[in-house]
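Structural characterization, general
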Amino acid sequence: MMKSLILWSTILLSIAGCQPEDDQVELWWVNSSKVDCMGVGPMKCLQIQKGSTVDPEAWKLFYDQVEGFEYEPGYLYQLQVKVSEKSAPIPADASSLQYELIKVISKEKDS
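Given the structure is predicted, the values throughout are model-derived calculations rather than measurements.

Bringing the environment of glutamate 108 into the picture now. With respect to the helices and strands, glutamate 108 occurs in strand S7 (residues 97-109). Along the backbone, glutamate 108 and tyrosine 77 are 31 residues apart, and their C-alpha atoms lie at a distance of 6.5 Å. In contact with glutamate 108, not counting residues within four places along its chain, are Gly74, Tyr75 and Leu76.

With that settled, the discussion passes to the packing of aromatic side chains. Working definition: an aromatic ring pair is given by the centre-to-centre distance plus the angle between the planes. Counted according to the given criterion, the structure contains 6 aromatic pairs. Judged by centre distance (5.5 Å) and plane angle (55°), the ring pair of tryptophan 28 and tyrosine 99 falls under tilted. Of the two residues, tryptophan 28 is situated in strand S1 (residues 24-30) and tyrosine 99 in strand S7; the sequence distance between them amounts to 71 residues. Tyrosine 99 carries the same exposure label as tryptophan 28, and that label is buried. On the numbers, 6.2 Å between centres and 45° between planes, the contact of tyrosine 71 with tyrosine 77 is tilted. For tyrosine 77, a relative accessible area of 2% translates into the label buried. The ring of tyrosine 75 carries the charged tip of lysine 107 above its face, separated from the ring centre by 4.6 Å. Here the basic side chain of lysine 109 rests over the ring of tyrosine 75, its NZ or CZ set 4.9 Å away from the ring centre.

Looking along a regular strand, one sees the side chains alternate between the two faces of the sheet. As paired strands, strand S2 (residues 35-38) and strand S3 (residues 42-50) are joined by 4 bridges and run antiparallel to one another. Considered in S3, the bridge of cysteine 37 is made with methionine 43. Connecting S2 to the antiparallel partner S3 that follows it, the hairpin turn spans 3 residues.

Calculation criteria
Residues numbered from 1 in each chain as written. Predicted model: local features only at pLDDT ≥ 70, side-chain atom pairs only at ≥ 80, totals over all residues. Heavy atoms only, no water. Helix = DSSP H or I, 4+ residues; strand = E, 2+ residues; numbered from the N terminus. Contact = heavy atoms within 4.5 Å. Phe/Tyr/Trp six-rings, centres within 6.5 Å; stacked < 30°, edge-to-face > 60°. Buried < 20%, exposed > 50% of the residue type's maximum accessible area, 1.4 Å probe, protein only. Lys NZ or Arg CZ within 6 Å of the ring centre and 35° of its normal. Pairing = 2+ DSSP bridges.

Okay, structure coming up:
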């Protein structure tokens, strides 16, 4: 009886440990212009920063897309973005993460 209880406890803990992590919600800034970048081929990339403040020297290239976000050049955006794992199969040249717009917190004309 005790061996059976230990076996079932181990199985349940193993299954619980294999569950995917919860989605993350991140605060992003999106710069007012896209820049040339190189993915599979030449393309234009968004420039983003994560966090609550903007550092003019800390923009990073973002090669993917945010589902539900309609970018318009000339505006600085602050977004709330849900980041989650993609379901298999994932192409070799693609990110394992997917990004979904939760909310546009601000959209301001860039001077």
